[in-house]
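Close look at the chain arrangement
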Amino acid sequence: MQIKDSFVIKAPQDNVWDFLFDIPKLSQCVPGIESVEAVDDKTYRGKLVLKVGPIKSEFGGTVTLIEVEAPNRIAGTVEGDDKSSASSVKATFTGTLTPVEGGTEAAFEVEANLRGRLAQFGGPVITATAKKLTAEFAKNLRAQLE
Amino acid sequence: MIGESVPMLDSVARVMGTVDYMINLRLPKMLFGKIVRSQAPHAKSLKVDVTNAMRIPGVVAILTGEDLGANAFYGVAIKDQGVVAVDRVRYVGEPIAAIAAESLDAAEQAAVLIDIEYHELPAVFDAQDAIQAGAPNLHEKFPNNIFKHAKLRHGDMDAAFAEADEIFEDTFTSPVAQQASLEPHVSAAQWDGEHLTIWTASQAPFMVRKSLSEIFGIAPEAVRVIVPSLGGGYGGKGHIRIEPLVAAMARKTNGRPVKFVLSRAEEFVTVTKHAASITLKTGVKRDGTFTARQATLYWNGGAYADASPMLVPAGMVRAVGPYRIPAVHVDSYGVYTNLPPAGAYRGAMSSQTTWAYESQMDIIARKMGWDPFEFRMKNLFVSGEHFATGEELHDVHFVECLEVSAKGLGVPSPLTPLPKGEGQGMRVGRGYGVMMKSTVATSKSQARLKLKDDGTVTLYTSTVEMGQGGHTTMAQITAETLGVPLRAIKIIGPDTAITPFDSTTSASRSTSMMGNAVIAACGTMKKKLFELGSPLLETPVDGLRTENGFVVADEISISFGDILKRNDLNTVEESGEYSTSFGIDPETGQGVATPHWHQGAGAAEVEVDTETGRITILKYSAAAFAGRVVNPRMAQLQNDGNVIFGLGPTLMEEIVYDGGQPINPNLADYSIPSIRDIPAELISICIESGEGEMHGIGEMTLPPVAPAIANAIEDAVGVRIKDLPITAEKILRALREKSQR
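Given the structure is predicted, the values throughout are model-derived calculations rather than measurements.

Calculation notes
- Residues numbered from 1 in each chain as written.
- Chains lettered and ligands numbered in written order.
- Predicted model: local features only at pLDDT ≥ 70, side-chain atom pairs only at ≥ 80, totals over all residues.
- Heavy atoms only, no water.
- Helix = DSSP H or I, 4+ residues; strand = E, 2+ residues; numbered from the N terminus.
- Rg over C-alpha atoms; globule rule 2.2 N^0.38 Å.
- Buried < 20%, exposed > 50% of the residue type's maximum accessible area, 1.4 Å probe, protein only.
- Contact = heavy atoms within 4.5 Å.
- Areas by Shrake-Rupley, 256 points an atom, 1.4 Å probe, with all protein chains shown as cover.
- Lys, Arg positive; Asp, Glu negative; His and termini not counted.
- Charge placed at Lys NZ, Arg CZ, Asp CG, Glu CD.
- Buried area = accessible area lost by both parts, 1.4 Å probe.
- Salt bridge = Lys/Arg side-chain N within 4 Å of Asp/Glu carboxyl O.
- Polar contact = N/O pair within 3.5 Å; in protein donor to acceptor, adjacent residues only side chain to side chain.
- Nonpolar A, V, L, I, M, F, W, Y, C, P; charged D, E, K, R; others polar.

**Things to note about the overall build of chain A**
- For chain A, the count of helices and strands is three helices and seven strands.
- Written out in order from the N terminus, the α and β elements of chain A read β-α-α-β-β-β-β-β-β-α.
- For chain A, whose C-alpha radius of gyration is 15 Å, the value lies close to the compact-globule estimate of 15 Å for 146 residues.
- Each principal axis of the C-alpha atoms in chain A carries an extent, and together these give about 40 × 35 × 25 Å.
- Going through the 146 residues of chain A one by one, you find that 40% of them count as buried.
- Sequence-distant contacts, at least 24 apart, represent 51% of the contacts inside chain A between residues at least 6 apart.
- Carbon and sulfur atoms provide 53% of the accessible area of chain A, an area that totals close to 7800 Å².
- The positive charge centre, built from 17 side chains, and the negative charge centre, built from 20, are 8 Å apart in chain A.

**Description of the interface of chain A and chain B**
- Contact with chain A, which involves 18 residues of that partner, is made by 15 residues of chain B.
- Carbon and sulfur atoms make up 37% of the area that chain A and chain B hide from each other, which totals about 1200 Å².
- Broken down residue by residue, the surface that chain A buries against chain B is led by K83, R115 and Q120 of chain A, which jointly contribute 48%.
- Between the two partners, chain A and chain B, sit three salt bridges.
- Linking K83 of chain A and D115 of chain B is a salt bridge whose minimum nitrogen-to-oxygen distance equals 3.1 Å.
- At the boundary of chain A with chain B, the tally comes to six residue pairs in polar contact (both at pLDDT 80 or more).
- Breaking the side of chain A that touches chain B down by element, the ones donating at least two residues are β6 (87–100), β7 (103–116) and α3 (123–145) of chain A.
- When grouped by side-chain class, the residues that make up the side of chain A that touches chain B number seven nonpolar, eight polar and three charged.

**Some remarks on the side chain of E699 of chain B**
All names here are of chain B.
- By the element assignment, E699 lies in the loop between β33 (681–688) and α17 (705–717).
- At a separation of 2.7 Å, a polar atom in the side chain of E699 contacts the side chain of S508.
- With residues up to four places along the chain from it excluded, the contact list for E699 reads R346, G347, A348, K437, A507, S508 and N642.

**A closer look at the environment of A160 of chain B**
Residues and elements named next belong to chain B.
- Assignment of secondary structure puts A160 in helix α5 (residues 157–162).
- Among the residues examined, A160 registers a relative accessible area of 8% and is labelled buried.
- With 283 residues separating them along the chain, A160 and S443 place their C-alpha atoms 36 Å apart.
- Excluding residues that lie within four positions of it along the chain, A160 makes contacts with T291, A292 and A327.

Just geometry here; none of it tells us what the structure is for.
Structural data, given as structure tokens:
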């Protein structure tokens, strides 16, 4: 499944980049994140609570950064699972920051392989949830940066 | 009685909601089952740890691969499927463990605590990818993933193609779909020592009995299979599915019964309709006749062979079509992939093959400048001709089927041009489809009748009632043949401990096969009654007949009940049997493929909105050859139901996978036809013949639906869709491509 989205933040690109790498601050902006810890400078472990339809899932997982090209581009992988909904996710992601008039455009692309009960909701529900979470994330980010 | 539209015997119970479906079954001390399934499409070195799950209060037992003996593999012809996975998983949704608990809650809590570890392997999901060199291999015994190659060889292909003026080659595809019966798979099992009783929603109780006796190493008689009314089957309950797992689970519960009810999402990973890719190369002459047809079929069998080793050869003979073609070669391949196992789907294999050959009929006709209706009429088989298997065709009525369905559209002649639609961008078109389908070549049905001294007749039959009206049909045949009122008849079955053998309730065979077994049983019962009644009526046996529960001589009569009483008998039991034994050579496909060829046709009138690609089926008219109709109303409902069912795979049904994970396994994202999808005008007609043989009609009007609609769409807007389902999006894309050309 592919999830693609972008939004504009009224802040200079460097500020946005620095903020994204300030893990404690960033994690406050990601809806559902309960904890994040850095394992090393490329690996983070965390817990995310997600509600899709009637199912509440608590994903434990690892984010590994594969490519970091400050202040423009990052790429990496996410692996996690949720026992209670018998679901798991493996994903690769790419995020880019591009200066635009009046701020910075943040764009991301995720190729996610979702399995188990959550996946059975079908593409439309998952994509809609992802859109909603992105909008919330953008709103939180703007509140911090603009 | 035969030929009368009596209401279904249980019609009141159906309307009142009091039919005892499996889902309502409650047994004393019954436990609830839950299956833990693979999330990986392909993995090895499977390790399952149940320690934490066993600690949940209420959990009684957990079944894993470690519990299984060497015989715990099953399949209709290739025993490749484990009762639960052993060491390896091959599709998302494959059972890895099962839990029996005091409550479903406890079972579900335990399910998340089962720790599963495996090493993932590369997976392959498409049949044609799976046969490429270097593709992931699923079963070592089949290194190229092909588990079945069925061949039909008839005539000299090179010479026949050389005679052709034009050669057409087209590929048609159908995606994976689901039978989607309203009732899911449900089974409950209980062991008493070495005796197993299983209550199950199955179309084939004796097949279930045989498989379970092999898996558990007990005599067939030690397995009792009880089948209540089914909430639909459509082939999805046609072989053996969850019964081995349910019985193996029950073996660990110290004699307590355990019941499993699958969720809708589980249904989608339990059995599917084969995805198929069918390439037809067909040679025609300018005079409108065929010279040759080469058909190559790839059936996506999923991870286990299941019933495919039988279905792939059936698909082979069902791929030729109802036309005289001097030279025919067919290669039909069953291929393993990392998808759930595929099985029979109403109109098995014909739904995919008719889509191919009837779509190509119109492609040929249009290119050659012939009318598609006339082209068909010119080439359709008639009785006495020979099919590509070498067998002579008897009692075939394809011409009438096509004519009658065309007439149902209400136009003076199928050749009358249509007004091309009203309103901006709306176009109307007309299309036809004809199908020819084999049934089970070798099968057997037995029936037993018990007459009591109160005049009541009990029919013991293993025909499964699944909403099709099979039991009502058998009651009508009994009433007519034995000469008793319908109200005196009671039906018992199926229960393998009580009711006699029947191969299966599928392939539209019951009315013909079980019907003839019932007729045979009625014959012996009548003979017995005449023998017993002859001295009482002081009339020789050949001067007697039966009527309304009486044996009648010229001027006097005596009731069946009184005959028994006067002979000091409480009951009389008589049996009947009917069987067919045909087959084709595995290397050449020559022989006799079926005791009877099923025949159906359809005609569609559709409207296409060229701005949106949206299709509306304005009229649909279907015809099936029935021989002799037992119950006209029920037959019509079957034929109508076939058309409505067929609209699903034609217009909307497709299981979508992402890395082997189905992402629409629910009836919100996977649409099936609803009342709103039914054509405004839907007609279906049964064609009868003077010979009066009864034939099944459970599928005949289904396979023509998809090609008839696709052909009508091309007639309307000039685009050809070759991949099912025909969505508005596909039509719109094709229209845009056409306008850019």
